[in-house]
Amino acid sequence: MDVLRPALYFALQSLFRHVKVLRHGEPFAAVKTADTFYAQHGFTLDISAWGETYVVCCPFCNDTRNRLYVCHAWGLPESFGRQSWRFVKCFNDDCLKEPGNRRSLAHMVFEQAMFSYGKSDVVLQASPGAPKRTSGPVSYPGVCYPLSQLTGPHPARQYVISRGHDPDELWRLYGVAWCMDACSQALALASGRLIIPLRAASGDMVSWQARYMGETDWKLTPKYYNCPDAPRSGLLYALDRASSAPVLVVVEGVTDVWRYGDGAVAICGKEVSCEQATLLIKHARDRPIAILLDPEAWEESGKAFSRLALAGAKFLFRIKLRAGPDPGSLPRPLLRAIVKQALLANYPEFA
Ligand SMILES: [Zn+2]
């Protein structure tokens, strides 16, 4: 069964045999509390709805009518720690008010059952399985929620909306999710961040970037945390969404791609690597390639042009934005109009 918290679900199943799932697939709803979201050791959220809930017979009161309710978020670390008894309730007798009962339930579920299932308490959506550290497909770094499934004022939705993006579109087109809880200590930095999958042209997720939401001191906190040991130099972000666009638009970063939409690919920096150049030309086939870097990167744009020209790009041109906002902060219609106009000026036969 495809549940949100497989480790917990299977642990309960091995202990109680029958587990009923309520509100299947619905993540719990939470809102940010005050300014503690990025407290040093994690984050604090107020829970307003449990979402997916596992229901079993309470072992403490001879229950036969499935009166023990367990929220799928029970036992997650940080503010969702084992001590959080907000997520488990016996509706027969409130058995878990009793500290002894709490200790034995936690012991049964987390020490015995979950351990035998395998300690890694992973997985969401899209690509199940533990993350791999070698090349090849990887999965999301832990318990993550699609941006489109988070409700109302969730900080991840608020963050992308404040940057002028549509959270539902980011999930639908680019698989952007929010990581509630990384699946291992090694990936702990991914917790609380936006997860941005990097896909090969085939559509397989081969790496991800975890972006910090908001502004902070970038000397102390990395803005982007990358999937450890995944290949990066040969990747082009969103290449899988550029197969039918009339012109390939080379931009610097993922947010520039989100702004422009289908047809833009990001080099994740200001430099086109040899591998990227080869990949780009292969996928452009005979379509024109436009280079659209940030306005202050005109020199780098020239280098990118030379590299692509040397690698054999047939139809190639550069676009210079007036000094000021980078492509990622212009409105989409304006950005697409600028590219169209430049295409007309350079290769009218493609426009
Ligand atoms: Zn009970």
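Cut-off values and rules
Residues numbered from 1 in each chain as written. Predicted model: local features only at pLDDT ≥ 70, side-chain atom pairs only at ≥ 80, totals over all residues. Helix = DSSP H or I, 4+ residues; strand = E, 2+ residues; numbered from the N terminus. Buried ≥ 20, exposed ≤ 12 C-beta atoms within 10 Å, placed from the backbone. Contact = placed C-beta atoms within 7 Å. Pairing = 2+ DSSP bridges.

**What to know about the overall build of the chain**
Phase 1 of the analysis: Helix and strand counts for the chain come out as eight helices and 15 strands.
Phase 2 of the analysis: Put simply, the chain has 351 residues, and 40% of those count as buried.
Phase 3 of the analysis: Across the chain, contacts joining residues at least 24 apart in sequence account for 57% of those joining residues at least 6 apart.

**A word on the environment of M205**
Phase 1 of the analysis: With respect to the helices, strands and loops of the structure, M205 is situated in strand β10 (residues 205-211).
Phase 2 of the analysis: Placed 67 residues apart in sequence, M205 and V138 show a C-alpha to C-alpha distance of 5.8 Å.

**Points about the pairing of strand β8 (residues 177-182)**
Phase 1 of the analysis: For β8, a buried count of six out of six residues is recorded, marking the element as mostly surrounded by other parts of the structure.
Phase 2 of the analysis: With two bridges joining them, β8 and strand β9 (residues 194-199) adopt antiparallel strand pairing. Residue pairing in the sheet places A177 in a bridge with I195 of β9.

**Some details on unusual backbone geometry**
What is expected of a backbone is that most residues other than glycine have negative phi and most peptide bonds are trans.
Phase 1 of the analysis: We note that A238 has phi near 75°; this positive angle belongs to a residue other than glycine.
Phase 2 of the analysis: With respect to the helices and strands, A238 occurs in the loop between β11 (224-226) and β12 (248-251).
Phase 3 of the analysis: A positive phi angle is found at R285, which is not glycine, with a value near 45°.
Phase 4 of the analysis: Take R285: it is sitting in the loop between α6 (274-284) and β14 (289-291).

**Some thoughts on helix α1 (residues 6-16)**
Phase 1 of the analysis: All of the buried residues in α1 are A7, L8, Y9, A11, L12 and F16.
Phase 2 of the analysis: One or two positions beyond α1, positive phi appears at R17, with a value near 70°.

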